[in-house]
Amino acid sequence: MCLGIPGEILEVRDDNGVRVGKVRFAGITREVCLEYVPEAMPGEFVVVHVGFAISRIDAEEAARAYRLLEELGQTAELTADVPESDHDP
Amino acid sequence: MKYLDEYRNREIAAALTEQIGRAVTRPWVLMEVCGGQTHSIVRYGIDRMLPPAIELVHGPGCPVCVTSLEMIDRAHAIAQRPGVIFTSFGDMLRVPGSCGDLLTLKGRGADVRVVYSPLDAVRIARENPARKVVFFGIGFETTAPANAMALFQARKLGVKNFSMLVSHVLVPPSIAAILQAPGNRVQAFLGPGHVCAVMGYREYESLSAHYRVPIVITGFEPVDLLEGILMAVRQLEAGRAQVENQYVRAVTREGNCAARNLIFEVFEVGDRKWRGVGAIPKSGYRIAYEYRDHDAERLFEVDEIDTHEPPECISGLILRGLKKPCDCPAFGKRCTPQNPLGATMVSAEGACAAYYQYGRYLDTGNPGDRSAGAGAR
Ligand code: SF4
């Protein structure tokens, strides 16, 4: 939870006055709060901590960082709340 | 493409290691603060690539590990109350309290749910108006923006049945506590890159000046860590003590202002007890007065808690950089990730878990292991 996980913004919308969006992390897509990166747009990459984008990052860096986090076993939070049967068929 | 990239990284890593070798003239002890950095160091064997004169010790930067036993027992007491839905990050489920963990309580019928984001807990509260939904808000400055937003939203939308049990910890006061502690060996710090992406590094400047200690804000990739180590060693060798930023691609001096502003609206700084370390003044966030209606600590009165810590666990010494996991007699024997005695073995970011995951228990007792007897140096 301390290392942010980079992902790509797919879409941005307003939810009760909060800026949220869909962010894709490799094969997983999650709803993420974009309130702290007001200028980030679809197609851009952001670093996400527990469902909140904290900073922007470039695509190449994002890909490298994601791969390392996977190797370190630090991407588990993305699927932690999904019951066993729902992921990894 | 991937091969090229890795090849290039290996070349850079070799060049950095060589430069570190040339820069160092005497022994130095460096601490990386962040648990993610610890994992990267152990995973890629960075500590073993360095000249023997440089020793890396692992810091307290795992929020799961340092959440106090009292707080965990309090969480367990609240989770068992009738009508409560207790929500938490997945990392906290298996952390041992005085009697068992959250997963055990769930097995006994408590409504414990893992959420990805604290906003999910607010949503659960809105969907279950008759229940009391409590979120276990732990973490360093990296999770504070998320927890702050959940409290802000709950108050704004009038979600009265949502509350948070807050046990936030802060990095700068823990660095100060390590430097002040008798027997401290740490001479320079690799600062936590992702924490500083949120908070910036102004606070670290006064720390560095006051204690005359180099602090290099560093990323978590192997090349980042090696470069951070090189920058710290150069400062030490030159007798300098400054804050330097290795992780410029993610960290600015100011940090993320929008996130910081909301943190200071919702939280205030207070004293905090750290597991294994003890109380550190002004080292945590607690819920500000305006948000008291969402403060689980106030809403759920929990009786005096009698805590029990396994006596053989030395995680407190490990978290302060005084010992390493291999120095613990239980490590890899009575204490494993399947059967953890202490929090540093449970969490994905804990030093004991990192050492275990990458096979370092095989080294215990090996005279070539540099961590053995390190305390005597
Ligand atoms: S190996 Fe287990 S018992 Fe030993 S310090 Fe680590 S967590 Fe505690």
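The coordinates are above.
For every chain, the first residue of its written sequence is number 1, and the numbers climb from 1 along that sequence. Here chains are named by letter from A upward and ligands by number from 1 upward, in the order in which they appear as written. The predicted nature of this model means local features are confined to residues of pLDDT at least 70 and side-chain atom pairs, given and counted, to a pLDDT of 80 or more, with totals for whole chains, interfaces and linings taken over all residues. Excluded from the side-chain calculations are hydrogens and water; all other atoms, namely the structure's heavy atoms, are used.

## Things to note about the sheet that holds strand β5 (residues 132-139) of chain B
All names here are of chain B. To keep it simple, the criterion reads: Only strands joined by at least two bridges in the DSSP assignment are considered to pair. In this text, helices come from DSSP runs of H or I with a minimum length of four residues, and strands from runs of E with a minimum of two, each type numbered from the N-terminal end. All axes here are fitted lines through C-alpha atoms, helices being fitted over the stretch that makes contact, and every angle between N-to-C directions spans 0 to 180 degrees.
Strand order in the open sheet formed by four strands is β4-β3-β5-β6, with parallel pairing between adjacent strands. Two strands close off the open sheet at either side, each with one partner strand: β4 (111-114) and β6 (162-168). Neighbour to neighbour, the strand axes of the sheet diverge by 25° on average, direction disregarded. The sheet contact formed by β5 and β6 spans seven bridges and is parallel. Bridge assignment links Val134 to a residue of β6, and that residue is Ser163.

## With respect to empty space enclosed by the protein
Residue and element names in this part refer to chain B. What counts is decided by this rule: Using only the protein atoms, space was sampled on a 1 Å grid; points where a 1.4 Å probe fits but cannot get out form cavities, open sets with protein on both sides within 12 Å along at least five of seven lines form pockets, and lining residues are those with an atom within 4 Å of a point. Grid points are joined across faces, edges and corners, and a volume is the space filled by probe spheres set on the points. Classes in brief: Ala, Val, Leu, Ile, Met, Phe, Trp, Tyr, Cys and Pro nonpolar; Asp, Glu, Lys and Arg charged; the others, Gly included, polar.
For the structure shown, the criterion picks out four cavities of 30 Å³ or more. In this structure, the largest cavity spans a volume of roughly 110 Å³. Along its surface, the largest cavity is lined by 13 residues, and Cys313, Cys328, Cys335, Thr344 and Cys352 are the ones closest to its centre. Elements supplying a minimum of two residues to the lining of the largest cavity: α15 (315-319) and α16 (343-346). A class-by-class count of the residues in the lining of the largest cavity yields 10 nonpolar, three polar and no charged.

## Observations regarding the nonpolar core
Let me state the cut-off plainly: Among buried residues, the Ala, Val, Leu, Ile, Met, Phe, Trp, Tyr and Cys ones that are joined through side-chain atoms within 4.5 Å form a nonpolar core. Partly exposed describes any residue whose relative accessible area lies between the buried limit of under 20% and the exposed limit of over 50%, with all areas from a 1.4 Å probe on protein chains only and scaled to the type maximum. The criterion used for residue contact is that any of the two residues' heavy atoms lie within 4.5 Å.
Among the nonpolar cores identified, the biggest contains 116 residues, and Phe25 of chain A together with Phe86, Phe136, Phe162, Phe189, Tyr204 and Phe267 of chain B are the most heavily contacted of them. Here the element with the most residues in this core is helix α8 (residues 144-156) of chain B; it accounts for seven residues. When neighbours within four sequence positions are excluded, Phe86 of chain B is seen to be in contact with Ala75, Ile78, Ala79, Leu102, Asp111, Val112, Arg113, Val134 and Phe136 of chain B. Judged by nonpolar contacts, the second largest core, of 23 residues, contains Leu16, Ala23, Ile41 and Leu236 of chain B.

## Looking at the interface of chain B and chain A
For the record, the criterion: What gets called buried area is simply the loss in accessible area from a 1.4 Å probe that two parts show on being joined, summed for both. Definition used for salt bridges: Asp or Glu carboxyl oxygen within 4 Å of a side-chain nitrogen of Lys or Arg.
In this complex, chain B contributes 47 residues to the contact, which on the side of chain A involves 33 residues. When chain B packs against chain A, close to 3500 Å² is buried across both sides, 60% of that on carbon and sulfur atoms. Among the residues chain B hides against chain A, the three largest losses belong to Tyr116, His194 and Phe220 of chain B. Together they make up 21% of the total. Across the contact surface, chain B and chain A share three salt bridges.

## Here we look at the site of the ligand
Residue and element names in this part refer to chain B. Rules: Any residue with at least one heavy atom within 4 Å of a molecule or strand is counted as near it. Molecule-in-pocket calls rest on the fraction of atoms, with more than half required to lie within 2 Å of the cavity or pocket grid points.
All residues in the neighbourhood of the ligand are listed as Cys313, Ile314, Ser315, Ile318, Cys328, Phe331, Cys335, Leu341, Gly342, Thr344, Met345 and Cys352. When atoms are counted within 2 Å of each cavity's grid points, the one that captures over half of the ligand is the largest cavity. Among the secondary structure elements, those contributing two or more residues to the shell around the ligand are α15 and α16.

## A look at unusual backbone geometry
All names here are of chain A. At Asn16, a residue that is not glycine, the phi angle is positive and equals roughly 55°. Mapped onto the fold, Asn16 is located in the loop between β1 (5-15) and β2 (18-25). Of note, Ala26 is a non-glycine position whose phi angle comes to about 45°, a positive value. Secondary-structure assignment places Ala26 in the loop between β2 and β3 (28-33).

## Structural notes on the sheet that holds strand β9 (residues 243-245) of chain B
Residues and elements named next belong to chain B. Read from one edge of the open sheet, five strands run β2-β1-β7-β8-β9, paired in parallel fashion. If you trace the sheet from one side to the other, it starts and ends with β2 (54-61) and β9, each paired once. For this sheet, the mean angle separating the axes of adjacent strands, direction not counted, is 25°. In this structure, strand β1 (residues 28-34) lies alongside β2, joined through six bridges in parallel fashion.

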